[in-house]
Amino acid sequence: MTDWTLSYEGFEPAQEGLREALCTLGNGYFAARGAAEEAEADDTHYPGTYLAGGYNRLATEVAGRVIENEDLVNLPNWLPLTFRPEGGDWLNLLAVEVLSYRQELDLKQGVLKRAMRLRDRTGRETTLESRRLVHMGAPHLAAIEWTLTPENWLGRVEVLSALDGRVINAGVPRYRQLNGKHLVPLASREIGEDGVLLLAETSQSHIRIAEAARTQVFQDGEGLAVERRFVTEEGYVAHALSFPVAEGTPVTIEKVVALHTSRDRAISSPALAAEETLREAGRFGTLLEDHARAWSHLWRRCDLTLEGRHRTQMILRLHVFHLLQTVSPHSVDLDVGVPARGLHGEAYRGHIFWDELFIFPFLNLRIPEITRALLRYRHRRLPAARRLARAAGYRGAMYPWQSGSDGREETQVLHLNPKSGRWLPDNTHLQRHVNVAIAYNVWRHYEATGDAEFLSVYGAEMLVEIARFWASIASFNAERGRYEIRGVMGPDEFHDRYPWAEKPGLDNNAYTNVMAVWVLLRALDARMLLDSERRVELDERLGLAADEVAGWDEISRKMFVPFHDGVISQFEGYERLEEFDWVGYCTKYGDIHRLDRLLEAEGDTVNRYKASKQADALMLFYLFSTEELGDLFARLGYPFEGELIPRTVDYYLRRTSNGSTLSGIVHSWVLARADRAGSWTQLRAALESDIADVQGGTTPEGIHLGAMAGTVDLVQRGQTGLEIRDDMLRLNPCLPEELRGLRFRIRHRGHWLDIDIGCERLTISAPDGWDGPERIVIRDETYAFHAGERLEVPCHLEDGGWRPAPRAGDMNGGAEGG
């Protein structure tokens, strides 16, 4: 295993599901799990191909009621490629002796490789090496290259290369009681002498999918004459090839695939487009060269280089790799959001949640065009959010907790507890804080890019309508003289009601209330940033009057925030809950990440206890600096002394099961300044979340994209204290002792900034010009910074973290006082 390679030795059937998810290849347009080409869906393997935005809706009768679910559809499988010696058995690793096996994911070039040597039941030994890519430069292309060598036999070999549209959605065991047959076969045919085409359509959304495949055989670089037979049945098309092979002489089989759908722009039909794309595609080597070049361009923008931590370095690159396979520069021209589990499996049905909150900061500082496009996904669904708000009795826009194709609420009505086998009511749609996340993302994107056009055309409208929602859901409690928000769920997700109440929902979730105030303030700011003509247009179109705006200002000063025992309360009434027996349950079950399921199976409920699934109140310290949060609490008239943060952090760390992979991200972040060792421990655990499948079976169903992106952002911003505030770039490095150096690039308002943090020196340079802040604050010292300059600050590590050394006379860049 190198800094650029995820590798596996040996064939382990029990690990195939995890490997398939982690070895997924994609390009932002579509992705395919890293299943073996010869494999079909069974208890070992699950091939899956997913189109960004490719949803379909089906109904199922469950527990006496009909429920409807929208899924990210498993598209026709383009991988099938297998072989057998004439008269032998088709390749099946479970039925042969595997003499050697190695699988590698090349992160630098985006190539999945396998190398194996096999002995069949007759003693024939064969070496097979494969390479696979999903083209990052040409989004509609993918390719497989096999090199097959008969080691101790000769004769004829048969190769079967297929496109299989008979697949269903069955990748998540707990969903298998639900209808998963999304595809309707339409047509299959041969194209040219060496190609086949399959056409299918989703049953409800009527997305047409065309896949075209060309399979060719080469020896010594020259085309090899083969016998070819066309095979077809409903939803399936293949070419069966037969040709002679000689002992010790390798042959190369290439399968190039084109995929188009009716969602594509500038095409006449998916089938015609797939044929044309395939016809113009070169051989595997040519495709690989262009594909690798596209990845090199992305890595130039997106890599982070660590000193001295090889596994950590590799995992961080793996996380960046999967982020860029889910959303890439190709996403800019698509109407898509960010599925919480990537395009890597069927968990959460491919829906979009609040995970953007952890994903966008990385993209904002590198490829903000992607973030802009993903925010437009939200803007296009603003009418649906307005409908949801009206239906619930509110004003403005109320975005759904789970979103898919059209912006309606996709949260399931019932969910299955696999521990008890019971279908239970699902109240997670009450997580109104998703609206906070969207507003936060809009504002931070504007801060990072200075994109006034985006703010004027899209961002301000979303901010105003979300602010309008928060103002309407807040009610005034005359006895308290404060505004309250009742009947919601916070990020914790374990608690969806009070144990003494019949109605779901909680009152005055601290995170929700404080963030609602922040949204109101940003909406006010956004209005004032618009030019006067645009501001009048927006006010008139939305019917926004001066008294409504004044109401936002009042709410932003009088929102209620609950406290107990000297800490911020997760929600009002939290102190009335019982303490939980953490030691006893750890002893009893071992893994208690999903404490809610364990307790429900016992006939109990987690609602009774001070036990959280993931960070909730602590999210405030994750999203805001101490200064920002202090300003918010001062505006609300609440004291915000220095000890409030560590007390609150310590209180909830001891009461959280970390049932979400996002939890470790937040905990590492909030510990970064006060407890570097603890922060590093949390970061290491977060880095292992998917690669080690720490939740015991969730990663095979799809990676956790928010956690992956969050770990990278935790290194680039959390450990460096990087922020842009008050028109100044701020760095407050606090690298753990295990990290001896860190280098990365960020893009701020169109210009690149190179940052190199070492044990002895911090260097900042803008090699291609600089139009950002003219002052940089490093810890408490302020330095002037201009285009073409190179700022070098001597530094040293001490118990509190990285600190600038005393001012040196030869320091470049100068200083302006502390």
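Refer to the structure printed above.
Residues numbered from 1 in each chain as written. Predicted model: local features only at pLDDT ≥ 70, side-chain atom pairs only at ≥ 80, totals over all residues. Heavy atoms only, no water.

Q: Could you give me a rundown of empty space enclosed by the protein, with the residues and numbers involved?
A: Taken as a whole and assessed by the stated rule, the structure comprises 4 cavities of 30 Å³ or more. For the largest cavity, the calculated volume is near 120 Å³. In terms of lining residues, the largest cavity is bounded by 16 residues, among which Asp71, Asn169, Tyr175, Leu178 and Asn179 are the most central. For the lining of the largest cavity, the elements supplying multiple residues, two or more each, are strand 4 (49–62) and strand 5 (65–74). The residue makeup of the lining of the largest cavity, split by class, is 5 nonpolar, 7 polar and 4 charged. Taken as a whole, the second largest cavity encloses approximately 50 Å³ of empty space. Lining the second largest cavity are Glu16, Gly34, Ala35, Ala36, Glu37, Tyr101, Gln103, Leu112, Arg114, Ser130 and Arg132. Listed by contribution, the elements that provide at least two residues to the lining of the second largest cavity are strand 7 (97–106), strand 8 (111–119) and strand 9 (125–134). Its residues assigned to classes, the lining of the second largest cavity comprises 4 nonpolar, 3 polar and 4 charged. (1 Å grid on protein atoms, 1.4 Å probe; cavity = no way out; pocket = protein on both sides within 12 Å on 5 of 7 lines; lining within 4 Å. Points joined across faces, edges and corners; volume = space filled by probe spheres on them. Helix = DSSP H or I, 4+ residues; strand = E, 2+ residues; numbered from the N terminus. Nonpolar A, V, L, I, M, F, W, Y, C, P; charged D, E, K, R; others polar.)

Q: Would you mind going over helix 18 (residues 662–671) in detail, with residue names and values included?
A: Summarising burial for helix 18: 10 of the 10 residues are buried, a large majority. Among the residues making up helix 18, those that are buried are Leu662, Ser663, Gly664, Ile665, Val666, His667, Ser668, Trp669, Val670 and Leu671. Against the buried residues of helix 18 lie helix 5 (356–364), helix 15 (619–623), helix 17 (644–653), helix 19 (676–691) and helix 20 (705–718). (Buried < 20%, exposed > 50% of the residue type's maximum accessible area, 1.4 Å probe, protein only. Contact = heavy atoms within 4.5 Å.)

Q: Describe the packing of aromatic side chains, naming the residues involved and giving the relevant values.
A: Taken as a whole and judged by the stated rule, the model has 34 aromatic pairs. Measuring from ring centre to ring centre gives 5.6 Å for tryptophan 443 and tyrosine 446, while their planes differ by 45 degrees; the resulting arrangement is tilted. Of the two residues, tryptophan 443 and tyrosine 446 are both situated in helix 8 (residues 434–449); the distance of 3 residues between them amounts to about one turn of the helix. Across the pair, exposure class does not vary: tryptophan 443 and tyrosine 446 are buried alike. Members of the aromatic cluster, joined through ring pairs, are Tyr348, Phe353, Trp354, Phe358, Trp401, Tyr622 and Trp669. The aromatic ring of tryptophan 752 is capped on one face by arginine 745, whose charged end is 4.6 Å from the ring centroid. (Phe/Tyr/Trp six-rings, centres within 6.5 Å; stacked < 30°, edge-to-face > 60°. Lys NZ or Arg CZ within 6 Å of the ring centre and 35° of its normal.)

Q: Tell me about the pairing of strand 30 (residues 761–765), residues and numbers included.
A: Among the 5 residues that make up strand 30, 4 are buried, leaving the element largely enclosed by the rest of the structure. Pairing analysis gives 4 bridges linking strand 29 (residues 751–758) to strand 30, with the strands arranged antiparallel. By the bridge assignment for strand 30, aspartate 754 is matched with serine 765. Connecting strand 29 to the antiparallel partner strand 30 that follows it, the hairpin turn spans 2 residues. (Pairing = 2+ DSSP bridges.)

Q: So what's going on with the nonpolar core? Which residues, and what values?
A: The biggest cluster of nonpolar side chains holds 220 residues, and the ones touching the most others in it are Trp78 and Trp354. One finds Leu133, Ala143, Ala258 and Ala274 within the second-largest nonpolar core, a separate group that totals 18 residues. (Core = buried A, V, L, I, M, F, W, Y, C linked by side-chain atoms within 4.5 Å.)

Q: Give a description of the environment of asparagine 27 that names residues and reports values.
A: Within the secondary structure layout, asparagine 27 lies in the loop between strand 2 (25–26) and strand 3 (30–32). In this structure the C-alpha to C-alpha distance between asparagine 27 and glycine 396, which are 369 residues apart in sequence, comes to 35 Å. Setting aside residues no more than four positions away along its own chain, asparagine 27 makes contact with Val134, His135, Met136, Ala138, Pro139, Leu141, Gln325, Ser328 and His330. Here tyrosine 29 takes part through its backbone nitrogen, which lies 2.9 Å from a polar atom of the side chain of asparagine 27. (Polar contact = N/O pair within 3.5 Å; in protein donor to acceptor, adjacent residues only side chain to side chain.)

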